[in-house]
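Overview (structure and organization)
Listed below are the residues making up each chain.
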Amino acid sequence: MRDVTTAQPLDVQPTPLALLLLGREADPKSERGVECPGDLPSPSDPDLVARARAAKEKLGDKVFILGHHYQRDEVIEFADVTGDSFKLAKDAAAKPEAEYIVFCGVHFMAESADILTSDDQKVVLPDLAAGCSMADMATAEQVAECWDVLTEAGVAEQVVPVSYMNSSADIKAFTGKHGGTICTSSNAKKALEWAFEQGEKVLFLPDQHLGRNTAVRDMGMSLEDCVLYNPHKPNGGLTAEELRNAKMILWRGHCSVHGRFSLDSVNDVRERIPGVNVLVHPECRHEVVAAADYVGSTEYIIKALEAAPRGSKWAIGTELNLVRRLANRFAAEDKEIVFLDKTVCFCSTMNRIDLPHLVWTLESLADGKLVNQIQVDAETESFAKLALERMLALP
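My aim in this report is to walk through the structure given alongside it, one point at a time. Just so it is clear, the model here is predicted, and its values are computed rather than measured.

Under the counting rule described, the total for this entry stands at 4 aromatic pairs. Judged by centre distance (5.4 Å) and plane angle (65°), the ring pair of Phe 261 and Phe 339 falls under edge-to-face. With Phe 261 in the loop between β9 (248-251) and α11 (263-272) and Phe 339 in strand β13 (residues 336-339), this residue pair connects regions lying 78 residues apart in the sequence. Looking at Phe 261, the relative accessible area reads 1%, which means it is buried. Phe 339 sits in the buried class, given a relative accessible area of 12%.

With mixed pairing, the 5 strands of this open sheet are ordered in space as β2-β1-β3-β4-β14. Each edge of the open sheet carries a strand with a single partner, namely β2 (81-83) and β14 (373-374). Bridge count between strand β1 (residues 63-68) and strand β3 (residues 100-104): 5 bridges; the pairing is parallel. Paired with Gly 67 across the two strands is Cys 104, which belongs to β3.

The next subject is empty space enclosed by the protein. Applying the stated criterion to the full structure yields 1 cavity of 30 Å³ or more. What the largest cavity holds in volume is close to 40 Å³. Forming the walls of the largest cavity are Gln 142, Glu 145, Cys 146, Tyr 229, Pro 231, Lys 233, Asn 235 and Gly 236. Take the lining of the largest cavity: its biggest share by element is 3 residues, from helix α6 (residues 140-152). The class makeup of the residues in the lining of the largest cavity is 3 nonpolar, 3 polar and 2 charged.

Ordered by their spatial adjacency, 5 strands build an open sheet running β6-β5-β7-β9-β8, and the pairing between neighbours is parallel. Unpaired on one side and paired on the other, β6 (181-183) and β8 (226-229) mark the two borders of the sheet. Across the sheet, the mean angle separating the axes of adjacent strands is 25° when strand polarity is ignored. Both strand β7 (residues 201-205) and β9 contribute to a ladder of 3 bridges, which runs parallel. Residue Val 202 lies in a different strand from β9, and its bridge partner there is Met 248.

Considering only enclosed or pocket space, the largest pocket measures out at about 420 Å³ in volume. Lining the largest pocket are 31 residues, and of these Tyr 70, Met 109, Asn 166, Cys 255 and Glu 283 lie nearest its centre. Counting only elements with at least two residues in the lining of the largest pocket, the list comes to α4 (85-93) and α5 (107-116). Of the residues contributing to the lining of the largest pocket, the split by class is 15 nonpolar, 14 polar and 2 charged.

Each value, and the rule that gives it
- Residues numbered from 1 in each chain as written.
- Predicted model: local features only at pLDDT ≥ 70, side-chain atom pairs only at ≥ 80, totals over all residues.
- Heavy atoms only, no water.
- Phe/Tyr/Trp six-rings, centres within 6.5 Å; stacked < 30°, edge-to-face > 60°.
- Helix = DSSP H or I, 4+ residues; strand = E, 2+ residues; numbered from the N terminus.
- Buried < 20%, exposed > 50% of the residue type's maximum accessible area, 1.4 Å probe, protein only.
- Pairing = 2+ DSSP bridges.
- 1 Å grid on protein atoms, 1.4 Å probe; cavity = no way out; pocket = protein on both sides within 12 Å on 5 of 7 lines; lining within 4 Å.
- Points joined across faces, edges and corners; volume = space filled by probe spheres on them.
- Nonpolar A, V, L, I, M, F, W, Y, C, P; charged D, E, K, R; others polar.
- Axes fitted to C-alpha atoms, helices over the stretch in contact; angles between N-to-C directions.

Function cannot be read off these values alone, since they describe shape.
See below:
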């Protein structure tokens, strides 16, 4: 037997990947803006709230703070308006007197705000590393390659791209350039109806679940009408015949939060809470949506709970910050609101926007230093705006 008391320690050098996973290194290619050009205040600073208030007061009407529903409470407290990504971008465009738009959300949301606001306004993201895993699942290069595959299969002329708001400016621009439109989780059905009036097939980017749920649940298509394009496989993992037979070509992307909910989650909560209403976001998997009582966007979820009778019970399948906020809000009305899954699930990238980052941003702007500006180049903005305008023109 080996004598462990006298064994020499192994000379093992940790790899860069191991250090990254341990949180001891950073990947500048994937973690944009982790290092701020200045020192963030400590999260334990007891004066953070007072500092945020003072900086915001000093800026006055020059700043307009947008807070996405999934933000943590400490950030929402300082938001001038709250909402989903598209509502907030429109709110920013309706505030032309504000020189600075501080978007407490994620990268693609700030891009949309920059596209829709005037050139005089500057959109700022408190932490440039606040990205979106779903949006990052479709790159401009991958989508261009997909279009080549569709062209080689002889179907590109029949395809109309429809891209979810949760996509990069590059993908929105691709959509506009190829005659397509943008959609939100609220108007996805209208967008698809419009698209099928223009062509025979739809390329839906980047969330497969919203595309599938809208096509099958809301428009009466079958699961067989949908195929899944995987950008990591040759030709998307599909044959030319499969592409010719499909009505919906779904991009292999998903929301890391909503994709966690499962049919087991639904069955478990029904056993634990008799009479519970299951309400989920359409970014959830198809089997979860099919098993739910109600399905709708973030705004739909909020309005449904506002209209719910006293004493009703609800299990909500969306981001935990919002669910917890709604549970606290409606507790006085004896509405029992719980998270659908037993596992705690915040949106990790959305949570990168915290009070220290917000304080640093506001204090920098108050001192005349523009930080973390989000700018979309003119050509990309032009085609992306075209796609957004097509959405705005939907009936």
